[in-house]
Amino acid sequence: MSALRNTVRALPRGLRLAPAPRRLPAVSVRSFSDHAELTPTPVFHLTETEELLKESVSRFANETILPRVREMDENEAMDKDLIPQLFDQGLMGVEIEEKYGGSAMNFGACIVAIEELARVDPSVSVLVDVHNTLVNTVFKTYASNALKEKYLPRLATESIGSFCLSEPASGSDAFALQTKARKTDGGNGYIISGQKMWITNAAEADIFIVFANLYPERGYKGISAFVVEKGMPGFNIAKKEKKLGIRASSTCVLTFDDVEIPAENLIGQEGQGYKYAISILNEGRIGIAAQMTGLALGAWENAASYVWNDRKQFGKLIGEFQGMQFQIAQARMEIEAARALLYNAVRTKEMGKGFVMQAAMAKLYASQVAGKVSSQAVEWGGGMHFVREGLAEKYFRDSKIGAIYEGTSNIQLQTIAKLLQKEYTK
Ligand SMILES: Cc1cc2nc3c(=O)[nH]c(=O)nc-3n(C[C@H](O)[C@H](O)[C@H](O)COP(=O)(O)OP(=O)(O)OC[C@H]3O[C@@H](n4cnc5c(N)ncnc54)[C@H](O)[C@@H]3O)c2cc1C
């Protein structure tokens, strides 16, 4: 059990309340008195728990992950020693209840962790992100008690999870998926056949949430979600992709050749898989917004340190030229704007309000800022940031994925526009 978890558990949870004012203003209305105690805070104000977690994850990322980042990127593989440490830190079961061995924290804490990890390595960040915001959340929200008892303790302490929706012919149009499920003859199980593509964490994972169509004649309403485990006969992790960025994060092709699974491995209800996928990906997008915001800040900080400490030209630190200062200031402002959208989406979700548009905006904008800032940060470092010794060029390569996975930028724009049109149609 990590020290982090014990400390965090000792702290109060929930939004921090400011001390009650001694005297209410003369205009106070009794029905508003509950709200009078709340002092408005910046949208990215963190609770004590989240603040403590942020410090702890930042220390872990800088001391333990940073020394391995360059080598993991060159090797295109996650350092195997790192994975047990992520579990020990309580980072793989952030929102899983204590009775299942999790850290029992809130969604905001999970986002803080993803953001802090991405500041140092977006690959480690996405490993933690997919595992927590997609896989753990599916089990927590939709699985039977038996499945929760079987898998949540493993997911919190030792086994990595993957979320398998995309296929060679279905990316943005995810529900055109071709992977099929059918019932076994005796009706005691299901048989899955088909192929999945671009599956994050697949090389390290033991537990896979697989979407397959049980009733193709019903179209997307036949899609169901199943648990498949590594090692089941007929299930293969076929190919690990070589990528532009986030190269230490595994992305694989999976094949299912009549994989037989027990009936209890159905998640939730038959035919409801598309609903589960939509709702989980809405939440997952906030995770990607956190990854991209952390990445942008990491790239900016790396460059700021260089221009204000290391490099002189024309007898001056290059960060003292106004032409540089203006760009650096502009970039930092855009990162702050991305963080505001990110934490607005987090808090909207935590309040139990509709957050789909906020999540889409946060993901879209954070990925745009990450792309722009990490590109500028390469330029600010000149030749030094173009070579593969530091991390500037890596942040730049890593940023591109933000516009692609968990809904491309066009798909986010489409979601935002649809919701706005609904609101404004007379
Ligand atoms: C590194 C990586 C990790 C991934 N991890 C996972 C994972 O863990 N699990 C998983 O299930 N999937 C995963 N994916 C898949 C990812 O979600 C898809 O790549 C993504 O949804 C886009 O689908 P696509 O690649 O087929 O692109 P396409 O859908 O072919 O899109 C190509 C282009 O067409 C545009 N386009 C498509 N439809 C429209 C439209 N209606 N209007 C306007 N423009 C449109 C897109 O915006 C894009 O620019 C991963 C992908 C990558 C690269």
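What you are looking at is a predicted structure, and each value in this text was computed from that prediction instead of being measured.

A. Spatial organisation of the overall build of the protein. When its secondary structure is counted, the protein shows 13 helices and ten strands. Over its C-alpha trace the protein gives a radius of gyration of 23 Å, about what one expects of a compact globule, namely 22 Å for 426 residues. A total of 426 residues make up the protein; the buried ones form 45% of that total.

B. Spotlight on the environment of Phe175. In this structure, Phe175 sits in the loop between strand S1 (161-164) and strand S2 (180-183). Overall, the presence of 17 C-beta atoms within 10 Å leaves Phe175 in the partly exposed class. Expressed as a C-alpha distance, the spacing of Phe175 and Lys221, which sit 46 residues apart in the sequence, is 9.0 Å. Apart from residues lying up to four places away in sequence, Phe175 is in contact with Tyr220, Ile223 and Tyr274.

C. Structural detail: the environment of Thr133. Along the polypeptide, Thr133 turns up in helix H6 (residues 122-142). Sequence separation between Thr133 and Glu283 is 150 residues; the distance between their C-alpha atoms is 6.9 Å. For Thr133, the residues in contact, after removing those within four places along its chain, are Cys110, Glu283, Gly284 and Gly287.

D. Spotlight on the packing of helix H3 (residues 48-75) against helix H5 (residues 107-120). Close contact between H3 and H5 brings their axes to 8 Å; oriented N to C, the two are set at 30 degrees. Viewed along their axes, H3 and H5 adopt a mutual orientation that is roughly parallel. Relative to H5, H3 is oriented so that their crossing is right-handed. Across from Thr49, Glu50, Leu53, Lys54, Val57, Ser58, Ala61, Asn62, Ile65, Leu66 and Val69 in H3, the residues of H5 making contact are Gly108, Ala109, Val112, Ala113, Glu116, Leu117, Arg119 and Val120.

E. Broad picture of the site of the ligand. For the ligand, the set of nearby residues contains 20 residues, the closest of which are Ser166, Gly171, Ser172, Thr408 and Asn410. Every element with two or more residues in the shell around the ligand is listed here: S1, strand S3 (189-200) and helix H13 (409-424).

F. Spatial organisation of the domain arrangement of the protein. The domains assigned to the protein are domain 1 (3-16 + 40-157), domain 2 (161-272) and domain 3 (275-424). Between domain 2 and domain 3, the residue contacts involve ten residues of the former and nine residues of the latter.

G. Summary view of the UniProt feature "domain: Acyl-CoA oxidase/dehydrogenase middle" (unreviewed entry) in the protein. As annotated by UniProt and renumbered to match this structure, "domain: Acyl-CoA oxidase/dehydrogenase middle" (unreviewed entry) occupies residues 162-259. Taken end to end, residues 162-259 comprises 0% helix and 49% strand; its first and last C-alpha atoms sit 17 Å apart.

H. How the structure looks around the environment of Met105. Within the secondary structure, Met105 is located in the loop between helix H4 (82-88) and H5. Here the alpha-carbon distance between Met105 and Val94, two residues eleven residues apart in the chain, equals 5.6 Å.

I. Highlighting the UniProt feature "domain: Acyl-CoA dehydrogenase/oxidase C-terminal" (unreviewed entry) in the protein. The positions UniProt marks with the feature "domain: Acyl-CoA dehydrogenase/oxidase C-terminal" (unreviewed entry) are residues 271-418. The span residues 271-418 shows a helical share of 78% and a strand share of 3%, and its end C-alpha atoms are spaced 25 Å apart.

J. Main features of the nonpolar core. If you look at the biggest cluster of nonpolar residues, it comprises 117 residues, and the most contacted ones within it are Ala113, Val138, Phe226, Ala296 and Leu342. The element that contributes the greatest number of residues to this core is helix H8 (residues 273-310), accounting for 18 residues. Sequence-distant contacts of Val138, defined by excluding residues within four places in its chain, comprise Ala143, Ile209, Ala225, Ile267, Tyr276 and Ile280.

K. Spatial organisation of the pairing of strand S4 (residues 207-213). Within S4, seven of the seven residues are buried, which leaves the element mostly enclosed by the surrounding structure. Burial of the side chains of S4 extends over both faces: Ile207, Ile209, Phe211 and Asn213 are buried on one face and Phe208, Val210 and Ala212 on the other. For S1 and S4, the ladder comprises four bridges, and the chain directions are parallel. Bridge pairing in S4 links Phe163 to Ile209. Alignment of S4 against strand S5 (residues 223-229), held across seven bridges, turns out to be antiparallel. Looking at S5, one finds that Phe208 is bridged to Val228.

L. Looking closely at the pairing of strand S7 (residues 251-262). Note: S3 against S7, nine bridges, orientation antiparallel. Its bridge partner being in S7, Tyr190 is matched across the sheet by Ile261. Where strand S6 (residues 235-240) meets S7, five bridges bridge the pair, whose relative direction is antiparallel. Its bridge partner lying in S7, Lys239 is registered against Val253.

M. Geometry of the packing of H5 against H8. H8 packs onto H5 with a crossing angle of 35 degrees between their chain directions and a minimal axis gap of 7 Å. Remark: the crossing between H5 and H8 carries right-handed chirality. Between H5 and H8, the residues in contact are Ile111, Ile114, Glu115, Glu116, Leu117, Ala118, Arg119 and Val120 and Ile286, Gly287, Ala290, Gln291, Thr293, Gly294, Leu295, Leu297 and Gly298, respectively. A per-class count over the contact of H5 with H8 returns nine nonpolar, five polar and three charged.

N. Up close: unusual backbone geometry. Phi is positive for Ile246, which is not a glycine, with a value near 30 degrees. As for its placement among the helices and strands, Ile246 is situated in the loop between S6 and S7. Even without being glycine, Glu406 reaches a positive phi, approximately 55 degrees. Mapping Glu406 onto the fold places it in the loop between helix H12 (392-399) and H13.

Calculation notes
- Residues numbered from 1 in each chain as written.
- Predicted model: local features only at pLDDT ≥ 70, side-chain atom pairs only at ≥ 80, totals over all residues.
- Helix = DSSP H or I, 4+ residues; strand = E, 2+ residues; numbered from the N terminus.
- Rg over C-alpha atoms; globule rule 2.2 N^0.38 Å.
- Buried ≥ 20, exposed ≤ 12 C-beta atoms within 10 Å, placed from the backbone.
- Contact = placed C-beta atoms within 7 Å.
- Axes fitted to C-alpha atoms, helices over the stretch in contact; angles between N-to-C directions.
- Parallel < 35°, antiparallel > 145°, perpendicular 65-115°, else oblique.
- Left-handed = near helix turned anticlockwise from the far one by under 90°.
- Near = placed C-beta within 6 Å.
- Domains from an automatic or database assignment.
- UniProt positions renumbered as here; feature names shortened; annotations may be inferred.
- Core = buried A, V, L, I, M, F, W, Y, C linked by C-beta atoms within 7 Å.
- Pairing = 2+ DSSP bridges.
- Nonpolar A, V, L, I, M, F, W, Y, C, P; charged D, E, K, R; others polar.

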